[in-house]
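Structural overview
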Amino acid sequence: MLSGGFQERNLMTDRKKPKRVSLFIPCLVEHFLPHVGEATARVLARAGVEVDYPEAQTCCGQMAFKAGHHRDARRTARHFMEVFEASDFVVAPSGSCVGMVRKQYPVLFREDAMGLDRAAVLGRKTYELTEFLVKVLGIIDLGATWPGRAVYHDSCQLSRGLGVREEPRVLLSGVHRLEMMELERAETCCGFGGAFSLEFPVISEKMVEDKAAAVVKSGAQFLISAEPGCLMNIGGYLEKQGEKVKAVHIAEVLANRAGESWK
Amino acid sequence: MEVKTEQFKEMAAKAACNETLNRTLRHAGESFRALREKGFSQLEDPEGSRRRGHEVKDRCLSRLPELLRLLEENVIEAGGVVHWARDASEARRIIMDLVKQYGVRTIVKGKSMMTEEIALNKELTRKGIEVWETDLGEFIVQLAGESPSHIIAPAIHMNREEVACLFEKKLGVDYTEDPEALTMIARRVLREKFLGADMGITGGNMAVAETGTLALFENEGNIRFATSLPRVHVALIGLEKVVGTWDDFGALLNLLPRSAAGQKMPTYLSLITGPKKAGEEDGPEAFHLILLDNGRSRILGDTVLRESLFCLRCGACLNVCPVYERAGGHSYGWVYSGPIGMLLNSALLPPGKARDLAFASTLCGACAEVCPVLIDHPKIILDIRRRLSEDPLWKGRLALEEVLPMKVYAWLSLHPGLFRSAALLARTFQTLMTSSGRWKWLPGTLARWGEKRRIPLLKKPFRTRWPGLEKAIRGGRKKH
Amino acid sequence: MRSGARKQILADVKRSTGVWHGEDGPEKKDGSPARPPWIPPETPWDEAAKELEALSDKFHLARSPRELHRVLAEIVREHGISRAIRWDHPLLEELKVDASLRECGVEMGIPARKKEGRGFSARADLGITAADAFVMESGTIVLRSRPGWGRTTSLLPPVHLAIVTSDQRLARLEDLPGLIRYWRDEADGLPGAVTLITGHSRTADIELTLVSGVHGPGIVHVVGMDPLSLPDSTGLRRSTRHQWPR
């Protein structure tokens, strides 16, 4: 997808825009990819919302939940729900964490009516970054620039989990000087799966190997994804194998403007 | 069938390094996926059809007591006999009694996962009965002394050279690698067996209570043979195969052949109602239907696991699973493999026996996306994981090093101040343990991760950057 | 002991499923269902021809017994048929199938008439049946097993030929439930086997290589005929077709 000239293509310019968005920073971003958090904040600011960051946030509980430790996950989730209780909107640069809140909190609190209620309220106002920009704000062009050829990798949690496939693509098509290439089997899992990559290393490696091969085959210079885990997995593999392809988060791409260094 | 689910990790790792197997499974997956897509694209309303399939299975399972009775009544009225087996050993005993009753020496079998569940062949062979698998793939794995590795294509893990050697050795024929020639050899050998067999044993895809009819789907014709030539036909089905009406059947007919191989119809669909009628020259004199529980009545009452009984055995989930593609069917260690295998093996075997299977998933959801009856595999897998962690019946012994890091992290997550301090501590540790951006030492599993990937470094956490960031955003807002 | 198993299983299942609060099922017979929605006999056969072609099988249209004879001769030639079996069926009698084939040098046998026996069937090159129904959407032949209309006629020989008349066709697979119910009511119970044949026997179990004719026939020929093309005296017109004696 080629980006044409810089055009204001906001879909609903006279729509009353939300006022406040609370940043929800996933653990992997917090500790390993903090610049992705920064990019997210800048993108949201540029989109015209007021951004805040509830400092008491720690973790959404996804890791414990997926390991089967529901009791622990519930405690963490209650803390999380408390932290974001007062927020109008909660936005995270990760499909898996948003999926946790929207789809798995109701499972976690299945037998706790009050928790279930709070989870429902929170779920309705929690969004992944690209879906928030496109579906809630109606923005598809942020005036970003990113010269080069790139492919987009769909994370399982974002595409199949939340049904978010078009939004990232639409946003990328608006990025100036960015040439999007075809990625074979873009929706196939990259093999991260959190603890899976540690518990079943051989299979995980085979999966990331295939994914990396597809990325290299596409001729892209950049691998873009909206999922921090996938980026660390595929990007980490590409780097160790000495490939030139750079893995970047979509927030970084959308935050980038010609002649500006925000890093 | 022997249970080897505890060896999953080992067997899967080995299979993943087998280049030939990799290529085969990858090619098979791609082919089946393309067929399925074509098949479903021909439906007017694919999503509606899947929802209807889900609804039919849900309703029929909810009405199972009534439907079982009705099925029995109608099978008996049609001249058949109905047996009830609580578990594998009871089922085997029923079959052995029938073998004795009818003086059976040779049995021909259609493909049936149920007969694998009850380990029937071994028992029959032990008692000196000649048993012949007649589905080509099953015939091949039987000769090889192996078990099937895929629901639809049992011998998919073997290449033509292996089959050629096998036939040469076990059947005494000239060596040939040509699939057509090999198939014709099997046809010749098995035809002789069909003509001389005393009993045909099949499974069943569905049993329609409305008329007491067993529905059998196939493409080869071996099931037609097994149900037309021998004197006795014994069909073994799980309780969950029963549907109420022919309309229910129709809804599932819409889905099964398309989902399995992109077909509108299987080549042969045999609707069997009792034995042959007076005057017929082909068909069994006696029809025996065995209804097997083997844990299903228990699963039926489990609100989460129950959905795994909706399975139509189409194999679509296997064909999209990236883990199955690399691990192959045998790694799953029991009758069922792939995503549905994770569910059924976990549900039917003693709780916790198939522990590794529940964790050998990235929860990518490709399976749920293609399931014709909308089974939500990831949801069920997550609940199995919950039981493995918190349900005394499933737990078993959990290793400390498996649990401790999670517990510590979970506790820290409740205390933001400590969370921040812990991060600082971790970064200090990192400074000590790295040089020029490379880790010098890490605990086992993390180090293993770093064999093929660059291990990420802990950075100054986002929360420490926020104050500066906030100013920049607020200050620069006017420009934007 | 066996009834103990039945009792326990039903009890276990009942405990798990609880009480069903939904609608009652229509499984119990409540009045005769309608006649199957046979499509008008004038309907062209194009869809059937297309389906069979897609299955790598063959469709032939025979507008008269003479054309049928030509088709038979062609098939005998194509496959080198020297021995054939057929159903003991009024349509096949009336169409003088035996005479046609003998003219082509084929040895005929009717398995139902005992002296032929299974040995003959097992050595036959061609099996000829009529049909009880045909589904246009999928090119599916529907056969009921009856005395004289054996299951193995369409299974043992490597070539299967089915003669389908234009007045026994259904449009879609979703018409099957109605057909089955109609047959059940008409004959007070279904036959021992209803076999639905869609194309020829196939497998891809060895390296996913498609091979035809693994156990059943390797090719199916469907001949479409209009029963109105038959002489009136046969009494085989539409109205009597589905009440053949037996």
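Just so it is clear, the model here is predicted, and its values are computed rather than measured.

**A word on the overall build of chain C**
Looking only at helices and strands, chain C has eight helices and 12 strands in total. Of all intrachain contacts in chain C linking residues separated by at least 6 positions in sequence, the fraction that spans at least 24 positions is 75%.

**A look at the overall build of chain B**
From N to C terminus, chain B includes 24 helices and 12 strands. Buried positions account for 56% of the 480 residues belonging to chain B. Long-range contacts, defined as pairs at least 24 residues apart, comprise 75% of the intrachain contacts of chain B with a sequence gap of at least 6.

**Description of the interface of chain A and chain B**
Between chain A and chain B, the contact holds 55 residues from the first and 51 residues from the second. No other element matches the seven residues that helix α2 (residues 34-46) of chain A contributes to the side of chain A that touches chain B. In terms of residue class, the side of chain A that touches chain B is made up of 25 nonpolar, 15 polar and 15 charged.

**Things to note about the interface of chain C and chain B**
Facing the 61 residues of chain C at the interface are 73 residues of chain B. Mapped by element, the contributors of at least two residues to the side of chain C that touches chain B are α1 (2-17), α7 (176-186), β9 (193-197) and β10 (202-203) of chain C. With 12 residues, the top contributor of residues to the side of chain C that touches chain B is α1(C). Looking at the side of chain C that touches chain B residue by residue, the classes come out as 25 nonpolar, 21 polar and 15 charged.

**Considerations on the domain arrangement of chain B**
Assigned domains of chain B: these are domain 1 (5-298) and domain 2 (400-476). Distance from the C-alpha centre of domain 1 of chain B to the C-alpha centre of domain 2 of chain B: 53 Å.

**Regarding the arrangement of the chains**
When the two pairs of chains in contact are compared, the highest contact count belongs to chains B and C. In this view chain A stays clear of chain C, with the nearest C-alpha atoms of the two still 20 Å from each other.

**Notes on the sheet that holds strand β4 (residues 126-129) of chain C**
Residues and elements named next belong to chain C. Read across the sheet, six strands follow the order β1-β12-β7-β4-β2-β3 without closing on themselves; strand pairing throughout is parallel. Edge positions in the open sheet fall to β1 (58-62) and β3 (107-109), since each of these has one partner strand only. Going from strand to strand, the sheet's axes swing by 20 degrees on average, the running direction of each strand aside. Inspection of the sheet shows strand β7 (residues 159-165) paired to strand β12 (residues 219-225) by seven bridges, in the parallel sense. Residue V164 lies in a different strand from β12, and its bridge partner there is G224. Strand contacts of helix α2 (residues 46-54): β1 and β12, with the helix running at about 150 degrees to β1, the strand carrying the most contacts.

**Thoughts on the packing of helix α9 (residues 160-171) of chain B against helix α10 (residues 179-196) of chain B**
All names here are of chain B. At a closest axis distance of 10 Å, the pairing of α9 and α10 adopts a crossing angle of 35 degrees. As for how α9 packs across α10, the hand of that crossing is left-handed. The residues of α10 that touch α9, namely those facing R160, V163, A164, F167 and L171, are P179, L182, I185 and V189. Partitioned by chemical class, the residues of the contact of α9 with α10 number eight nonpolar, no polar and one charged.

**So, the nonpolar core**
Judged by nonpolar contacts, the single largest core of 297 residues is most densely connected at A:V91, A:V215, A:I234, B:V242, B:L252, B:I290 and C:A131. Once residues within four sequence positions are removed from consideration, B:V242 is found in contact with B:C60, B:L64, B:L67, B:L68, B:L71, B:A207 and B:A209.

**Observations regarding the packing of helix α8 (residues 136-144) of chain B against α9(B)**
Any two packed helices are characterised by the angle at which their axes cross and by the distance between the axes. All names here are of chain B. The N-to-C vectors of α8 and α9 enclose an angle of 65 degrees; their axes lie 10 Å apart at closest approach. Along this stretch, α8 crosses α9, giving a crossing that reads as left-handed. Residues I140, L143 and A144 of α8 pack against V163, L166 and K170 of α9. Of the residues contributing to the contact of α8 with α9, the split by class is five nonpolar, no polar and one charged.

**Concerning the sheet that holds strand β5 (residues 133-135) of chain C**
The eight strands lie next to each other as β8(B)-β5(B)-β6(B)-β9(B)-β9(C)-β6(C)-β5(C)-β8(C), forming an open sheet whose pairing is mixed. Two strands in the sheet have a free side with no partner beyond their single neighbour: β8 (242-243) of chain B together with β8 (169-170) of chain C. Sheet topology places strand β9 (residues 268-272) of chain B next to β9(C); five bridges connect them, and they run antiparallel. Each bridged residue has a counterpart across the sheet, and for B:S270 the counterpart in β9(C) is C:T195. Set on the sheet, helix α12 (residues 246-253) of chain B makes contact with β5 (206-208), β6 (213-218) and β8 of chain B; between it and β5(B) the angle comes to about 155 degrees.

**Here's the deal with the confidence of the model for chain C**
Residues and elements named next belong to chain C. Summary statistics for chain C give a mean pLDDT of 88 and a share of 85% for residues scoring 70 or more. Low pLDDT, under 50, characterises residues 233-246; the predicted model gives this stretch 18 contacts beyond four residues in sequence or across chains. In the predicted complex, the global pTM is 0.93; the interface-specific ipTM is 0.94.

**Focus: the environment of B:E116**
Position of B:E116 relative to the elements: it lies in helix α6 (residues 113-117). In contact with B:E116, other than residues within four places in its own chain, are B:M1, B:S147 and B:V335.

**Observations concerning helix α12 (residues 228-240) of chain A**
Residues and elements named next belong to chain A. Counted at 1.5 Å a residue, the expected span for α12 with its 13 residues is 18 Å, and the 17 Å between its end C-alpha atoms agrees. Taking burial as the measure, the 13 residues of α12 include 11 buried ones, the bulk of the element. Of the positions making up α12, those classed as buried are P228, G229, C230, L231, M232, N233, I234, G235, G236, Y237 and L238. Positive phi shows up at G242, right after α12, with a value of about 80 degrees.

**Focus: the pairing of strand β10 (residues 286-292) of chain B**
Residue and element names in this part refer to chain B. When you tally the buried positions in β10, you get six out of seven residues, the bulk of the element. Where strand β1 (residues 81-85) meets β10, five bridges bridge the pair, whose relative direction is parallel. Along β10, the bridge assignment pairs W84 with L291. Inspection of the sheet shows strand β7 (residues 232-238) paired to β10 by seven bridges, in the parallel sense.

**What to know about the environment of B:P275**
Here B:P275 shows up in the loop between β9 and β10. For B:P275 and B:G79, which are 196 residues apart along the polypeptide, the C-alpha to C-alpha distance reads 6.3 Å.

**Section: unusual backbone geometry**
Residues and elements named next belong to chain A. Even without being a glycine, R177 presents a positive backbone phi close to 70 degrees. Looking at the secondary structure, you find R177 in strand β6 (residues 176-180). Given 13 C-beta atoms within 10 Å, R177 falls into the partly exposed group. Positioned with a positive phi, R185 is a non-glycine residue whose angle comes to about 50 degrees. Structurally, the position occupied by R185 is in the loop between β6 and α10 (196-199).

**Here's the deal with the environment of B:I201**
Residue and element names in this part refer to chain B. As for its placement among the helices and strands, I201 is situated in strand β4 (residues 199-202). Residue classification places I201 among the buried residues on the basis of 30 C-beta atoms within 10 Å. For I201 and V234, which are 33 residues apart along the polypeptide, the C-alpha to C-alpha distance reads 4.8 Å. Dropping the residues within four chain positions of it, I201 is found in contact with I107, K109, T115, V234 and L236.

**Side note on helix α4 (residues 70-83) of chain A**
An α-helix turns once per 3.6 residues; consequently, residues spaced three or four apart project the same way. The terminal C-alpha atoms of α4(A) lie 19 Å apart, and with 14 residues this matches the ideal 20 Å at 1.5 Å per residue to within 8%. Every buried residue belonging to α4(A) is among A:H70, A:D72, A:A73, A:T76, A:A77, A:R78, A:H79 and A:F80, and all of these are buried. Buried residues in α4(A) make contact with α3 (62-66), α5 (95-108) and α6 (113-124) of chain A together with α20 (377-390) and α21 (400-412) of chain B.

Reading the values: rules and limits
- The numbering scheme is per chain: residues are counted from 1 as the chain's sequence reads.
- Chains and ligands are labelled by the order in which they are written, letters from A for the one and numbers from 1 for the other.
- With pLDDT at 70 or above as the cut-off, local features in this predicted model cover only qualifying residues; side-chain atom pairs require 80 or more to be listed or tallied, and sums for whole chains, interfaces and linings still use all residues.
- Segments assigned H or I by DSSP are reported as helices when at least four residues long, segments assigned E as strands when at least two residues long, and all are numbered from the N terminus.
- In this description, any two residues whose backbone-derived C-beta atoms lie within 7 Å of each other are considered to be in contact.
- Any residue surrounded by 20 or more other C-beta atoms within 10 Å of its C-beta is treated as buried, while 12 or fewer makes it exposed and the intermediate range makes it partly exposed; C-beta atoms here are placed from the backbone.
- Under the grouping applied here, Gly and all other residues not named as nonpolar or charged are polar, the nonpolar ones being Ala, Val, Leu, Ile, Met, Phe, Trp, Tyr, Cys and Pro and the charged ones Asp, Glu, Lys and Arg.
- Residue ranges for the domains originate in an automatic or database domain assignment.
- Strands are labelled as partners when DSSP assigns at least two bridges between them.
- Think of each axis as a best-fit line through the C-alpha atoms, taken over the contacting stretch in the case of a helix, with angles from 0 to 180 degrees between the N-to-C directions.
- Crossing handedness: left-handed means the near helix sits turned counterclockwise from the far one by under a right angle, and right-handed means the same turn made clockwise.
- Residues of type Ala, Val, Leu, Ile, Met, Phe, Trp, Tyr and Cys that are buried and joined through C-beta atoms within 7 Å form what is called a nonpolar core.
- A score between 0 and 100, pLDDT records how confident the predictor is in each residue.
- In a helix, the anticipated span is given by 1.5 Å times the number of residues less one.

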